[in-house]
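# Residue-level structural notes
What follows is each chain in one-letter form.
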Amino acid sequence: MTKKFLVADNSPTIQKIVRLTFEGEDVLIESVTNGNDVVAKAIALRPDLVMVDLGLPGLNGYDTCNAIKTHPDLAATPVVLMIGSFEQMDLEKYAQVKSDACLSKPFDTAELLKVVDELTRKKFSPVEFHPAGDDLV
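Okay, so let's go over this structure. Just so we're clear, the structure is a prediction, and the values are computed from it rather than from any experiment.

## A look at the sheet that holds strand S2 (residues 27-32)
Either a parallel or an antiparallel arrangement is found when strands of a sheet pair, and the pairing is made through backbone hydrogen bonds. Spatially, S2-S1-S3-S4-S5 is the arrangement adopted by the five strands of the open sheet, whose pairing is parallel. If you trace the sheet from one side to the other, it starts and ends with S2 and strand S5 (101-105), each paired once. Recorded for the sheet is a direction-independent mean angle of 20° between the axes of neighbouring strands. Bridge count between strand S1 (residues 3-8) and strand S3 (residues 49-53): four bridges; the pairing is parallel. Following the sheet pairing, leucine 6 is matched in S3 by valine 50. Packed onto the sheet, helix H5 (residues 109-120) meets S1, S3, strand S4 (79-84) and S5 and runs at close to 165° relative to S5.

Dropping the structure here:
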């Protein structure tokens, strides 16, 4: 089943790195470059994961994450905040918006893969076994 990721970053380089990281995988990647567009795009896409740059134009990363986490149809969607190497993380805001993870940019693709795998891994409950003939009268 195809996984869908929404990348909210105004850097074409970061968008390209994410696309290249998942090239050959069963992943659809959509991008937006403005925080004001994220929620509408997420409602339309229903992504399995949203990656949000803290320094987005429009709504910043914290406000965008908060908008996703407080939206009734999106609240369960994992959100990864991406922070530039020269930006300061506000730990209080980070905790308030309930982000699921944080990556420093530029990020190591192995770290990106690990975080995405942990946040999007489907947990299946064991299938109940019914021997043949149990439902026969």
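## Thoughts on the side chain of threonine 64
Along the chain, the position of threonine 64 falls in helix H3 (residues 61-69). Residue threonine 64 is classed as buried on the basis of its relative accessible area of 0%. Sequence-distant contacts of threonine 64, defined by excluding residues within four places in its chain, comprise Gly35, Val38, Val52, Leu56 and Leu59.

## So, the environment of glycine 58
Looking at where glycine 58 falls in the secondary structure, it is placed in the loop between S3 and H3. With 23 residues separating them in the primary sequence, glycine 58 and glycine 35 have C-alpha atoms 5.0 Å apart. Among all residues touching glycine 58, those that are not within four sequence positions of it are Asn34 and Asn36.

## Quick notes on the nonpolar core
Grouped together as the largest cluster of nonpolar side chains are 19 residues, with contacts concentrated most on Leu6, Val38, Val50, Val52, Ile68 and Leu81. By residue number, the principal contributor to this core is helix H2 (residues 38-45), which donates four residues. Not counting residues up to four positions away in its chain, the partners in contact with valine 50 are Leu6, Val38, Ile68, Thr77, Pro78, Val79 and Val80. Grouped together as the second largest cluster of nonpolar side chains are 16 residues, Val7, Ile14, Ile29 and Met82 included.

## So, the pairing of S3
The buried fraction of S3 is high, at five of five residues. Across the two faces of S3 the burial is the same, with Leu49, Met51 and Asp53 and Val50 and Val52 all buried. When S3 meets S4, the two strands line up parallel, connected through four bridges. The residue of S4 that forms the bridge with methionine 51 is valine 80. Note on the crossover from S3 through H3 to S4: the handedness is right-handed.

Rules used throughout
- Residues numbered from 1 in each chain as written.
- Predicted model: local features only at pLDDT ≥ 70, side-chain atom pairs only at ≥ 80, totals over all residues.
- Heavy atoms only, no water.
- Pairing = 2+ DSSP bridges.
- Helix = DSSP H or I, 4+ residues; strand = E, 2+ residues; numbered from the N terminus.
- Axes fitted to C-alpha atoms, helices over the stretch in contact; angles between N-to-C directions.
- Contact = heavy atoms within 4.5 Å.
- Buried < 20%, exposed > 50% of the residue type's maximum accessible area, 1.4 Å probe, protein only.
- Core = buried A, V, L, I, M, F, W, Y, C linked by side-chain atoms within 4.5 Å.
- Right-handed = clockwise from strand over helix to strand, strands pointing away.

It is worth stressing that arrangement in space is one thing and function is another; only the former is reported here.
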